[in-house]
Amino acid sequence: MFTLITLQSAADSSGAMNLIMIVALIAIFYFFMIRPQQKKQKEIRKFRESIEVGQSVVTAGGIYGKVRKIKETTFTIEIAPNVQITVDKGSVYPSAAEAQTESENEKK
């Protein structure tokens, strides 16, 4: 009889430990995976809203160019003299050189 009571109390505490472990794993996933990704997406969205004509950008396909026209959902980008393409706003990122220059300016 005593053995059954001891086993039952041990099972109750292991259930609580399992629940604590699950909560801890969810917290770890949030702080190491979800939260940084949300911050990165917020920065990219902020960049896309602040793009101006003449700014250097890179498309998702790896094409470098300068913004020549801004429309509601698209950009017209000049990739060579007298060669312009139209791309969706969601596929534009800051160019590496410009992003580095901006980060250096922010540090000063």
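Rules behind the numbers
Residues numbered from 1 in each chain as written. Predicted model: local features only at pLDDT ≥ 70, side-chain atom pairs only at ≥ 80, totals over all residues. Heavy atoms only, no water. Helix = DSSP H or I, 4+ residues; strand = E, 2+ residues; numbered from the N terminus. Buried < 20%, exposed > 50% of the residue type's maximum accessible area, 1.4 Å probe, protein only. Contact = heavy atoms within 4.5 Å. Areas by Shrake-Rupley, 256 points an atom, 1.4 Å probe, with all protein chains shown as cover. pLDDT = per-residue confidence, 0-100. Pairing = 2+ DSSP bridges.

Draft legend 1. Here's a closer look at the overall build of the protein. Summing up its helical and strand segments, the protein has two helices and five strands in all. Each helix (α) and strand (β) of the protein, taken in turn from the N terminus, gives the series α-β-β-β-β-β-α. The buried share of the protein, taken over its 108 residues, is 18%. Intrachain contacts of the protein at a sequence separation of at least 6 include 31% that bridge at least 24 residues. Within the structure as shown, the protein displays about 8,600 Å² of accessible surface, and the carbon and sulfur contribution to it stands at 61%.

Draft legend 2. Layout of unusual backbone geometry. A positive phi angle, close to 65°, is found at Asn82, a residue other than glycine. Mapping Asn82 onto the fold places it in the loop between β3 (74-80) and β4 (83-88). By relative accessible area, Asn82 is classed as exposed at 76%.

Draft legend 3. Just the side chain of Thr59, in detail. Note that Thr59 resides in strand β1 (residues 56-59). Residue classification places Thr59 among the buried positions, given a relative accessible area of 7%. Beyond its immediate sequence surroundings of up to four residues, Thr59 is in contact with Ile77, Val87, Ser91, Val92 and Tyr93.

Draft legend 4. Highlighting the confidence of the model for the protein. Residues of the protein with pLDDT of at least 70 account for 76%, and the chain-wide mean is 81. For the protein, the element scoring lowest by mean pLDDT is helix α2 (residues 96-107), at 58; β4 scores highest, at 95.

Draft legend 5. The arrangement of the pairing of β4 in detail. Pairing analysis gives six bridges linking β3 to β4, with the strands arranged antiparallel. The residue of β4 that forms the bridge with Glu78 is Gln84. As consecutive antiparallel partners, β3 and β4 are separated by two residues, and within that stretch Asn82 has a phi angle of approximately 65°, a positive value.

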